[in-house]
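Each chain, letter by letter, is given below.
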Amino acid sequence: MNPTSNPTEVDPQEASAALAQTAIADEFGCFSDWTERYQYLIDLGRKLPEFPEALRSEETKVHGCQSQVWLAASGDAARVEFRAISDSSIVSGLIALLLRVYSGRSAAEILETQPTFIEAIGLSKHLSPTRSNGLAAMLATIQRHAAGLAG
């Protein structure tokens, strides 16, 4: 990180959203069962950057989630940064996956990227209906922010 960068911004681990999704699928493929995968999700959620209390507002709250979720966006069409947090350990892990795929990307890349990792790792079959709805709400919020910047 260079000294002039914002310490709350996280550079994407992979060069593109597609590579991030492939890496996520590879990582989850290393686990033999869903108990291990859920533990990995929880561990990922614990590593989320701090989310300032000032950003926990009605404007950043994601509606449609059973858990409390706040998601804030910043940047411009060339690079959209997302920060998010939840009061649920598993949802925080889902947030970590979404941020890995979408944060730090251009608005165009975000809008073009379907979340194929959800099927690839079997999440769609192992999330409760309320968590699936929450995941869809978070994805819709990310897409909405990107669409607003893309113009």
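> It is not clear to me how the pairing of strand β1 (residues 69–76) should be interpreted in this structure. Could you clarify?
If a strand is regular, its side chains alternate between the two faces of the sheet. Inspection of the sheet shows β1 paired to strand β2 (residues 79–86) by eight bridges, in the antiparallel sense. From the neighbouring strand, Trp 70 faces β2, where its bridge partner is Ile 85. Taking the residues that link successive antiparallel strands as the turn, the β1-β2 hairpin has two residues.

> Looking at this structure, I do not really get the nonpolar core. What am I missing?
Nonpolar side chains tend to gather and get buried jointly when the protein is soluble and globular. Formed by 44 residues in total, the largest nonpolar core has its most connected members in Leu 97, Phe 117, Leu 123 and Met 138. Elements that contribute at least two residues to this core include exactly α1 (17–29), α2 (34–46), β1, β2, α3 (89–102), α4 (107–112), α5 (117–120) and α7 (129–150). If you tally residues by element for this core, the top one is α3, at 10 residues. Dropping the residues within four chain positions of it, Leu 97 is found in contact with Ile 24, Phe 28, Leu 41, Leu 44, Phe 117, Ile 121 and Leu 123.

> Whenever I open this one, the packing of aromatic side chains confuses me. Can you help?
Any two aromatic rings considered together are summarised by their centre-to-centre distance and by the angle between their planes. Inspection of the entire model under this criterion finds four aromatic pairs. Seen in terms of ring centroids, Phe 28 and Phe 31 are 6.2 Å apart; in terms of plane orientation they differ by 75°. Their pairing is edge-to-face. Of the residues examined, Phe 28 reaches a relative accessible area of 1% and is grouped as buried. Assessed through its relative accessible area of 22%, Phe 31 is described here as partly exposed. Between Phe 28 and Tyr 40 the ring centres are 5.3 Å apart and the planes differ by 75°, which places this aromatic pair in the edge-to-face class. With Phe 28 in helix α1 and Tyr 40 in helix α2, the pair connects residues that are 12 residues apart, well separated along the chain. Here the two residues Phe 28 and Tyr 40 agree in accessibility, since each one is buried. A cation over a ring is seen here: Arg 56 above Trp 70, with NZ or CZ 5.2 Å from the ring centre.

> Just checking my understanding: could you explain α7 for this structure?
Every α-helix winds through 3.6 residues per turn, so residues three or four apart in the chain are directed the same way. The end-to-end C-alpha distance of α7, which contains 22 residues, comes to 31 Å, matching closely the 32 Å that a straight helix rising 1.5 Å per residue would cover. Of the residues making up α7, those classed as buried are Gly 134, Leu 135, Ala 137, Met 138, Leu 139, Thr 141, Ile 142 and Ala 146. Where α7 is buried, its residues meet β1, β2, α3, α4 and α5. Downstream of α7 by a residue or two, Gly 151 has a phi angle that is positive, lying close to 80°.

> It is not clear to me how the environment of Leu 48 should be interpreted in this structure. Could you clarify?
Residue placement: Leu 48 occurs in the loop between α2 and β1. Distance from Leu 48 to Ser 86, taken between C-alpha atoms, is 9.9 Å for residues 38 residues apart in sequence. Apart from the residues within four sequence positions on either side, Leu 48 is in contact with Ala 84, Ile 85, Ser 92, Ile 95, Ala 96 and Leu 99.

> Where do I start with the packing of α1 against α2 in this structure?
How two helices sit against one another is set out by the angle between their axes and by the gap between those axes. Running from N to C, α1 and α2 point in directions that differ by 130°, and their axes come no closer than 10 Å. Comparing the axis directions of α1 and α2 gives the class oblique. Residues Glu 27, Phe 28 and Gly 29 of α1 lie in contact with α2, whose contacting residues are Arg 37, Tyr 40 and Leu 41. For the contact of α1 with α2, a count of residues per class yields three nonpolar, one polar and two charged.

> Help me understand the pattern of salt bridges in this model?
Any two side chains of opposite charge can pair, given that their charged atoms come close. Using the criterion set out here, one finds five salt bridges in the structure. Ionic pairing is found between Arg 100 and Glu 27, a salt bridge with its closest N-O pair at 2.8 Å. Here the residue Arg 100 occupies a position in helix α3, and Glu 27 occupies one in helix α1, the gap between them amounting to 73 residues. For Arg 100, a relative accessible area of 12% corresponds to the buried category. What makes Glu 27 partly exposed here is its relative accessible area of 23%. The residue Arg 46 makes a salt bridge to Asp 43 at a minimum N-O spacing of 3.4 Å. Note that Arg 46 and Asp 43 are positioned in helix α2 at a spacing of three residues, about one turn of the helix. By relative accessible area, which is 29% here, Asp 43 ends up partly exposed. One network of salt bridges, with partners in common, ties together Glu 14, Glu 27 and Arg 100.

Reading the values: the criteria
Residues numbered from 1 in each chain as written. Predicted model: local features only at pLDDT ≥ 70, side-chain atom pairs only at ≥ 80, totals over all residues. Heavy atoms only, no water. Pairing = 2+ DSSP bridges. Helix = DSSP H or I, 4+ residues; strand = E, 2+ residues; numbered from the N terminus. Core = buried A, V, L, I, M, F, W, Y, C linked by side-chain atoms within 4.5 Å. Buried < 20%, exposed > 50% of the residue type's maximum accessible area, 1.4 Å probe, protein only. Contact = heavy atoms within 4.5 Å. Phe/Tyr/Trp six-rings, centres within 6.5 Å; stacked < 30°, edge-to-face > 60°. Lys NZ or Arg CZ within 6 Å of the ring centre and 35° of its normal. Expected span 1.5 Å × (residues − 1). Axes fitted to C-alpha atoms, helices over the stretch in contact; angles between N-to-C directions. Parallel < 35°, antiparallel > 145°, perpendicular 65-115°, else oblique. Nonpolar A, V, L, I, M, F, W, Y, C, P; charged D, E, K, R; others polar. Salt bridge = Lys/Arg side-chain N within 4 Å of Asp/Glu carboxyl O.

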